[in-house]
2 protein chains.
Amino acid sequence: MRMAKGVEWALHTLLNLDMTGGGPVGSGQLAEAHGLSPSYLNKQLQQLARARLVVSVPGPRGGFRLARPLEAITLLDVVEAIEGTAEVFHCTEIRCSGKIGELSPPPTGACAVNAAMRRAEQAYHQALAAQSLADIRAELDRSPAVRRIVRSALN
Amino acid sequence: MRMAKGVEWALHTLLNLDMTGGGPVGSGQLAEAHGLSPSYLNKQLQQLARARLVVSVPGPRGGFRLARPLEAITLLDVVEAIEGTAEVFHCTEIRCSGKIGELSPPPTGACAVNAAMRRAEQAYHQALAAQSLADIRAELDRSPAVRRIVRSALN
DNA sequence: GAGCGGCTACTCGGATAGCCTATGTCCGAGTCAAGACGG
DNA sequence: CCGTCTTGACTCGGACATAGGCTATCCGAGTAGCCGCTC
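To start, this report covers the structure provided alongside it. (Residues numbered from 1 in each chain as written. Chains lettered and ligands numbered in written order. Predicted model: local features only at pLDDT ≥ 70, side-chain atom pairs only at ≥ 80, totals over all residues. Heavy atoms only, no water.)

**Some points on the packing of helix α6 (residues 112-129) of chain A against helix α7 (residues 133-140) of chain B**
Next up, step 1: Closest axis-to-axis distance for the α6 of chain A/α7 of chain B pair is 9 Å, and the angle between their directions is 135 degrees. Relative to α7 of chain B, α6 of chain A is oriented oblique. Handedness of the crossing formed by α6 of chain A with α7 of chain B: right-handed. Taking contact as the criterion, the partners of Ala-112, Val-113, Ala-116 and Arg-119 of chain A in α6 of chain A are, on α7 of chain B, Ile-136, Glu-139 and Leu-140 of chain B.
Next up, step 2: Split by residue class, the contact of α6 of chain A with α7 of chain B holds 5 nonpolar, no polar and 2 charged. (Axes fitted to C-alpha atoms, helices over the stretch in contact; angles between N-to-C directions. Helix = DSSP H or I, 4+ residues; strand = E, 2+ residues; numbered from the N terminus. Parallel < 35°, antiparallel > 145°, perpendicular 65-115°, else oblique. Left-handed = near helix turned anticlockwise from the far one by under 90°. Contact = heavy atoms within 4.5 Å. Nonpolar A, V, L, I, M, F, W, Y, C, P; charged D, E, K, R; others polar.)

**What about the interface of chain B and chain A?**
Next up, step 1: In this complex, chain B contributes 54 residues to the contact, which on the side of chain A involves 54 residues.
Next up, step 2: At the junction of chain B and chain A, the tally comes to 20 residue pairs in polar contact (both at pLDDT 80 or more).
Next up, step 3: Listing elements by their share of the side of chain B that touches chain A, those giving two or more residues are α1 (5-19), α2 (27-34), α4 (75-83), α5 (98-103), α6 (112-129), α7 and α8 (145-154) of chain B.
Next up, step 4: Looking at the side of chain B that touches chain A, its residues break down into 32 nonpolar, 12 polar and 10 charged. (Polar contact = N/O pair within 3.5 Å; in protein donor to acceptor, adjacent residues only side chain to side chain.)

**Topic: the protein's contact with DNA strand D**
Next up, step 1: Inspection of the region around DNA strand D gives 24 residues, with Ser-37 and Tyr-40 of chain A together with Gln-46, Ser-56 and Gly-63 of chain B positioned closest.
Next up, step 2: Counting only the atoms of DNA strand D within 4 Å of the protein, the fraction contributed by sugar and phosphate is 57%.
Next up, step 3: Arg-50 of chain B has a polar side-chain atom sitting 3.0 Å from a phosphate oxygen of DNA strand D.
Next up, step 4: Sorting the residues of the surface near DNA strand D by element identifies α1 (5-19) and α3 (38-50) of chain A together with α3 (38-50), β1 (54-57) and β2 (63-66) of chain B as the ones contributing at least two each. (Near = heavy atom within 4 Å.)

**Description of helix α2 (residues 27-34) of chain A**
Next up, step 1: Among the residues of α2 of chain A, those classed as buried are Ser-27, Leu-30, Ala-31, Ala-33 and His-34 of chain A. Axial view of α2 of chain A: buried residues confined to an arc of 150 degrees, hence all on one face.
Next up, step 2: Packing partners of the buried residues in α2 of chain A comprise α1, α3, β2 (63-66) and α8 (145-154) of chain A together with α5 of chain B.
Next up, step 3: Note on α2 of chain A: the residue one or two positions beyond its end, Gly-35 of chain A, has a positive phi of about 65 degrees. (Buried < 20%, exposed > 50% of the residue type's maximum accessible area, 1.4 Å probe, protein only. Arc of directions from axis to C-beta.)

**Looking at the nonpolar core**
Next up, step 1: Ranked by internal contacts, the top residues of the largest apolar core, which has 100 residues, are Leu-48, Met-117 and Leu-133 of chain A together with Leu-11, Leu-48, Met-117 and Leu-133 of chain B.
Next up, step 2: Not counting the four nearest positions on each side in its chain, Leu-48 of chain A is found in contact with Ala-10, Leu-14, Leu-53, Val-54, Ala-81 and Ile-82 of chain A. (Core = buried A, V, L, I, M, F, W, Y, C linked by side-chain atoms within 4.5 Å.)

**Looking at the relation of the copies chain B and chain A**
Next up, step 1: Rotating chain B by 180 degrees about the axis while translating it 0.0 Å along that axis superimposes it on chain A, leaving an RMSD of 0.1 Å. Such a turn and shift between the copies fits a two-fold axis. If distances are taken from each C-alpha of chain B to the rotation axis, the shortest is found for Tyr-124 of chain B, at 2.4 Å.
Next up, step 2: Interface overlap between copies is the fraction of interface residues in one copy that are interface residues in the other; for chain B against chain A it reaches 100%, indicating a shared surface. (Least-squares fit on C-alpha atoms with pLDDT ≥ 70 in both.)

**Regarding the protein's contact with DNA strand C**
Next up, step 1: Lining the immediate surroundings of DNA strand C are 23 residues, of which Gln-46, Arg-50, Ser-56 and Gly-63 of chain A together with Ser-37 of chain B lie closest.
Next up, step 2: Contact distances for DNA strand C include 2.7 Å between a phosphate oxygen and a side-chain N or O atom of Ser-56 of chain A.
Next up, step 3: Lys-5 of chain B has a polar backbone atom sitting 3.1 Å from a phosphate oxygen of DNA strand C.
Next up, step 4: Where the surface near DNA strand C is concerned, the elements lending two or more residues are α3, β1 (54-57) and β2 of chain A together with α1 and α3 of chain B.
Next up, step 5: It is α3 of chain A that provides the largest number of residues to the surface near DNA strand C, a total of 4 residues.
Next up, step 6: Residues that form the surface near DNA strand C fall into these classes: 8 nonpolar, 11 polar and 4 charged.

**Topic: the packing of aromatic side chains**
Residues and elements named next belong to chain B.
Next up, step 1: With the rule as written, the count across this model stands at 3 aromatic pairs over all chains.
Next up, step 2: Ring plane angle 75 degrees and centroid distance 5.4 Å describe the contact between Trp-9 and Tyr-40, whose orientation is recorded as edge-to-face. Of this pair, Trp-9 sits in helix α1 while Tyr-40 sits in helix α3, placing them 31 residues apart in sequence.
Next up, step 3: When its relative accessible area of 8% is taken as the criterion, Trp-9 is described as buried.
Next up, step 4: By relative accessible area, Tyr-40 is classed as partly exposed at 34%. (Phe/Tyr/Trp six-rings, centres within 6.5 Å; stacked < 30°, edge-to-face > 60°.)

So, in C-alpha cells, the structure goes:
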C-alpha cells in the first residue's frame, strides 16, 4: 500500500501556485520548479482540475490557477482528487464464500471486519480533512525567503 | 492506493483460527473455509508467522495456530504484518530538486508537506491500534451460530 | 491611422507504451504417524 | 507381544510466472495574441 507520488507533486504544486499570485502558470514551468516530468505533472493537474481545485486556462499565456484559496483546500481534497474516492480497504465479502459462506444464512448486517477497517479509515479521512494547505503554507512561511524563491523560479 | 486483499484474508482467517480452538489448522482448510487460493493464503500466513501473530506447526496434522489471544492482536499488527511497516506517503524531497531546490538553501527542518501527511497517517495507525480482533469477535458473537458454523466448516 | 483577417505559437487534453509491485502458482525440504518387521 | 525401523503422506516454506495499475510519454484540439493587409 503506497500512495501515488502524484499526491506529493500536487501538494507542492498547489502551494507554489498560491505563492506566485493569481495568474495562471503553465504545467511546464510548474514541473521545472521541482524537476518533475512535465507531461505527468500535467496529468495530475488535470485530475485537480476535474476536482475543481484548480482552473485550467487554455491558449498561450494559459496554464493553471487555484480555484479557491488554500484555506478552502484540505489534504483530503487533494488525496481524493489524485487517488480517487474508492475505499482503501475493499471488502470482497469473503464471509459469503467457501464452506463458511455456504453454511451461513445470508448475512443481515454489515461485515464486522469491514466496519472496523472503515472506522480506522474514517479517522484517516478526518485527519486529512482537518488540515488545510493554508496550514502548511503557514509552516513554510517561517522562513520568509521561500515566497521570493518560488516567485523567482516561476517568474 | 488500495490495500492488499491479503489483509482481509488474514483478518478473517485469524478470527476463524480463534473460533476453532487451540489446535493447528492447515492453510488448505483455512482457504477452503472462504473459497480462497490455498497457496496465496499460505503466503499470507507465512507473513503472519514472521510477525509472530501465528505459530506454524510443520508435518502432518500441522498447520497454524494463534500465537496469542485475540485481545493482544490489533488491526495495526495485521496490517503491518501483511503490508509492511513502510510509510504510505513516501516523501521524495522534491523540494530540494529543480529550480526551487537550486535556489533554496539546504533545508534545516523536515518537509512541511511530509509532516502533515504523517500526522494523518499517525491518526490512521492509532485508530487501527485501538481496535483488537477481540472487538470484532465480540461483534460477530451477536449471532451465536457463527462459532458453530466455523467449527463445522473447519472440523 | 484604424480596423479586420489570417497565421503562428503556445497551452491543455486525452490516447498510448513501459515498468514495478501485488497477485497467483508451483515444487521441494522437513516432519510426524502409521505400518511392517524382527526380537 | 513389544520395540524399532522404514516408508509414506501431509505440512510448511520459498522460488517462479502473471496481471493490473501507477508511471511516463507523445501527439492532437483549441485558443489568444501578433502581424500584415486593406480601407
